[in-house]
Amino acid sequence: MASQAAANGSLANEKAPETVGVGRYVEMEQDGDSSTVKSRLSGLLWHGGSAYDSWFSCASNQVAQVLLTLPYSFSQLGMVSGILFQLFYGLMGSWTAYLISILYVEYRTRKEREKADFRNHVIQWFEVLDGLLGKHWRNVGLVFNCTFLLFGSVIQLIACASNIYYINDKLDKRTWTYIFGACCATTVFIPSFHNYRIWSFLGLVMTTYTAWYLAIASLIHGQVDGVKHSGPTKMVLYFTGATNILYTFGGHAVTVEIMHAMWRPQKFKAIYLLATLYVLTLTLPSAASVYWAFGDELLTHSNALALLPRTAFRDAAVVLMLVHQFITFGFACTPLYFVWEKLVGLHDCRSLCKRAAARLPVVVPIWFLAIIFPFFGPINSAVGSLLVSFTVYIIPALAHMITFRSATARENAVEPPPRLVGRWTGTYIINAFVVAWVLVVGFGFGGWASMTNFVRQINTFGLFTKCYQCPPPPPLAFPGGLSNITMPFAGGHPPAAAPAPAHSLHHHHRHHSHGL
């Protein structure tokens, strides 16, 4: 596929014909005979750089484990607000992904005019900010992006442990986190987003199945007895749910890396919007159906799978989501691998084994943080308000406004805004609105609400909790009952206390109350 990448490779366009033949994109591939069966199979499953590959990567990465927490958000927001926020943040996320793609094309075209060669170098968001706006923007972008991706990877490990527990509860969730941390560490062997072709496709198939399972299973199950849909009831819960949805459609922190894996990155402009429209066909029916069926019970069950009865279909959904979370872990962690490689000077190394070994230290802090903060659901909202708000909404909008603030920059722009959004004036107004809204609602109110809820989880369950939101074990049963057990007591008389009634594990699994 190296020859195909070279044939399709330049980012040059009609406005910059002098860039033809410069910076042809052949990212870390080995040259070989494309006519062999091995090469063809590798091209089919491994080497992806088309617009379709990019669409699968965006859609697969966008929904991920958040699919299981959106019903929880609906219970906090209420049905109407939940639907409206999904539509609103889906559109806003698509807009800022478009801005990131424009800034990437602008940066890469300028560098290619300077005869830069990116064949063995993956461009990242902080480098785009550095090339267009300077080192201070680079540092801010690097800190926010890396921290977000770090916690995004943490969330995937937490989700793995939370999901597998509903198939096998013989091990607690913390133990499952240890196991899946080791499994996800194998992503160090995937060189780049160029090599996620089959994984992106399978990931989207898996989330599509899970989304429609949640919707259909909830409708078949019907509403539970005495179901209540009281949300929204508290501002803390309302803005916590809103920031979780902000996080849902803020999965474009890896946009630059996905674009760089394309043979023709300039085709990316509408891909994220099309991916978002497909994702909405999954998230809206599933979240609305689960909330309709279970109502306020979701307030104490941040993972929607916890409320549905165990069947072969639910087990299949759990297994598919586990595989998909492994894929999404790779999506979130690969940019961190690139940053670390550049730091230690191995980014241009051709040896996959050396690069894999160098990447392993990145996994350790992710593993550790997943064990400290296993709060599935609340951590999504905290990450959304404090990190996603800046990383993929505020910083791209501000960067676009400042990059093209001068008349000269606007006249020489590689990709001017379309007439549909009002050219430069309309773009400036939209960007200003995004910055103001996300700063006040997402970071301000959302940060207050999500951190209040997050601290409540710590106070209720504690750090390093062994099994977050797990049903309590059933009481031990003694042959002949408790009356046949003789134990010494001070004064010769046992204390007067009635034993608690023994409930079945299934009952606790469905109705046990946990902290918000």
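Cut-offs applied
Residues numbered from 1 in each chain as written. Predicted model: local features only at pLDDT ≥ 70, side-chain atom pairs only at ≥ 80, totals over all residues. Heavy atoms only, no water. Helix = DSSP H or I, 4+ residues; strand = E, 2+ residues; numbered from the N terminus. Buried < 20%, exposed > 50% of the residue type's maximum accessible area, 1.4 Å probe, protein only. Contact = heavy atoms within 4.5 Å. Areas by Shrake-Rupley, 256 points an atom, 1.4 Å probe, with all protein chains shown as cover. Phe/Tyr/Trp six-rings, centres within 6.5 Å; stacked < 30°, edge-to-face > 60°. Core = buried A, V, L, I, M, F, W, Y, C linked by side-chain atoms within 4.5 Å. Axes fitted to C-alpha atoms, helices over the stretch in contact; angles between N-to-C directions. Parallel < 35°, antiparallel > 145°, perpendicular 65-115°, else oblique. Left-handed = near helix turned anticlockwise from the far one by under 90°. Nonpolar A, V, L, I, M, F, W, Y, C, P; charged D, E, K, R; others polar. Expected span 1.5 Å × (residues − 1). Salt bridge = Lys/Arg side-chain N within 4 Å of Asp/Glu carboxyl O. Bend = angle between axes of the 7 residues up to and from the residue. Patch = residues over 30% accessible without salt bridge, like charges linked within 9 Å, V, L, I, M, F, W, Y side chains within 5 Å. pLDDT = per-residue confidence, 0-100. Disulfide = S-S within 2.5 Å.

A.B. asks: I'd like a description of the overall build of the protein, backed by residues and values.
C.D. replies: Along its length, the protein carries 18 helices and zero strands. Counting the 516 residues in the protein, one finds 56% classified as buried. A fraction of 86% describes how many contacts in the protein between residues 6 or more apart in sequence connect residues 24 or more apart. Accessible surface, the protein: about 21,400 Å² in total, of which carbon and sulfur atoms supply 67%.

A.B. asks: If you had to explain the packing of aromatic side chains to someone new, which residues and values would you point to?
C.D. replies: Going through the model one piece at a time under the given rule, you end up with 22 aromatic pairs. Relative to Tyr 238, the ring of Phe 85 has its centre 6.0 Å away and its plane inclined at 65°; by these criteria the two rings are edge-to-face. In this pair, Phe 85 sits in helix H5 (residues 79-113) while Tyr 238 sits in helix H10 (residues 235-248), placing the two residues 153 residues apart along the sequence. Note on Phe 85: relative accessible area 10%, which makes it buried. Each ring, one from Phe 148 and one from Tyr 247, has its centre 6.2 Å from the other, and the planes form 90°; the classification is edge-to-face. A residue pair is termed long-range when its members are at least 10 positions apart, and Phe 148 in helix H7 (residues 135-164) and Tyr 247 in helix H10 qualify at 99 residues. The class of Phe 148 is buried, set by a relative accessible area of 6%. Since its relative accessible area comes to 8%, Tyr 247 is described here as buried. Here the aromatic cluster, defined as three or more aromatic residues joined through ring pairs, consists of Phe 85, Phe 88, Tyr 89, Tyr 238, Phe 239, Phe 433, Trp 437 and Phe 445.

A.B. asks: Tell me about the environment of Gly 446, residues and numbers included.
C.D. replies: Mapped onto the fold, Gly 446 is located in helix H17 (residues 423-461). In this structure the C-alpha to C-alpha distance between Gly 446 and Tyr 238, which are 208 residues apart in sequence, comes to 8.8 Å.

A.B. asks: Please provide a residue-by-residue account of the nonpolar core, values included.
C.D. replies: Counting 132 residues, the largest nonpolar core has Val 128, Leu 214, Ile 366 and Tyr 393 as its most contacted members. Non-local contacts of Ile 366, meaning those with residues more than four positions away in its chain, are made with Leu 150, Ser 153, Val 154, Leu 157, Phe 329, Cys 333 and Leu 336.

A.B. asks: How would you explain the packing of helix H9 (residues 197-221) against helix H13 (residues 312-344) if you had to name every residue and give the values?
C.D. replies: Following both chains from N to C, one finds H9 and H13 inclined at 140°, their axes separated by 9 Å at the closest point. In this view, H9 runs oblique relative to H13, as classed from their interaxial angle. Our pair here, H9 against H13, has a crossing hand that is left-handed. Residues Trp 199, Ser 200, Gly 203, Leu 204, Met 206, Thr 207, Tyr 209, Thr 210 and Tyr 213 of H9 form the contact with H13, whose participating residues are Phe 313, Arg 314, Ala 316, Ala 317, Leu 320, Met 321, Val 323, His 324, Ile 327 and Phe 331. Residue composition of the contact of H9 with H13, by class: 13 nonpolar, five polar and one charged.

A.B. asks: Account for H10, naming residues and giving values.
C.D. replies: If you check H10, its first and last C-alpha atoms are 20 Å apart, about what 14 residues at 1.5 Å a residue would give, namely 20 Å. Along H10, the residues classified as buried are Val 236, Leu 237, Phe 239, Thr 240, Gly 241, Ala 242, Thr 243, Asn 244, Ile 245, Leu 246, Tyr 247 and Thr 248.

A.B. asks: Break down the pattern of salt bridges for me, citing the residues and quoting the values.
C.D. replies: Taken as a whole, this structure holds ten salt bridges when the rule is applied. Glu 112 is the partner of Arg 108 in a salt bridge, and the nearest nitrogen-oxygen pair spans 3.2 Å. Residue Arg 108 and its partner Glu 112 are located together in helix H5, separated by four residues, close to a single helical turn. Judged by its relative accessible area of 0%, Arg 108 is buried. Take Glu 112: its relative accessible area is 1%, and that puts it in the buried class.

A.B. asks: A description of helix H12 (residues 271-294) should follow, citing residues and the corresponding values.
C.D. replies: Between the first and last C-alpha of H12 there are 35 Å, a value that for 24 residues agrees with the 34 Å anticipated at 1.5 Å per step. The largest bend along H12 measures about 25° and falls at Val 279. Gly 295 sits one or two residues past H12 and shows a positive phi near 55°.

A.B. asks: Residue-level account of a nonpolar patch on the surface, with values.
C.D. replies: On the surface, a nonpolar cluster with roughly 550 Å² of combined accessible area is contributed by Met 235, Leu 439, Val 440, Phe 443, Phe 445 and Trp 448. Among the elements that take part in the nonpolar patch, H17 stands out by supplying five residues, more than any other. Among the structural elements, Leu 439 can be located in helix H17.

A.B. asks: Can you explain the packing of helix H3 (residues 51-63) against H9? Please cite residues and give values.
C.D. replies: Packing of H3 against H9 brings their axes to within 8 Å, and their N-to-C directions diverge by 45°. The angle between H3 and H9 falls in the class oblique. With respect to the hand of their crossing, H3 and H9 are arranged in left-handed fashion. On H9, the residues that touch Asp 53, Trp 55, Phe 56, Ser 57, Ala 59, Ser 60 and Val 63 of H3 are Arg 197, Ser 200, Phe 201, Gly 203, Leu 204 and Thr 207. Its residues assigned to classes, the contact of H3 with H9 comprises six nonpolar, five polar and two charged.

A.B. asks: Talk me through the confidence of the model for the protein; I want residue IDs and the actual numbers.
C.D. replies: The predicted coordinates of low-pLDDT regions are not to be read in fine detail. With 78% of its residues at a pLDDT of 70 or more, the protein shows a mean pLDDT of 79. Helix H1 (residues 2-8) is the least confidently modelled element of the protein, averaging 38 in pLDDT, while H12 averages 94, the highest of any element. Below pLDDT 50 for its whole length, residues 1-34 participates in 87 contacts with residues either more than four positions away or in separate chains. Low confidence marks residues 476-516, where pLDDT is under 50. Its contacts with residues over four positions away, or in another chain, come to 47 contacts.

A.B. asks: Describe unusual backbone geometry, and please don't skip the residues or the numbers.
C.D. replies: In this structure, Lys 115 is a non-glycine residue whose phi angle is positive, near 70°. We classify Lys 115 as exposed; its relative accessible area is 61%.

A.B. asks: Which residues make up the side chain of Ser 289, and what values go with them?
C.D. replies: One can find Ser 289 in helix H12. Discounting residues that sit within four places of it in the chain, Ser 289 has contacts with Ala 215, Ser 218 and Leu 219.

A.B. asks: Explain the state of the cysteines to me, and be specific about the residues and the numbers.
C.D. replies: Among covalent bonds in proteins, the disulfide is the one between the sulfur atoms of two cysteines. The full count for this structure, using the stated rule, is zero disulfides. In this structure Cys 349 is a free cysteine whose sulfur lies 9.7 Å from that of Cys 353, the closest cysteine sulfur available.

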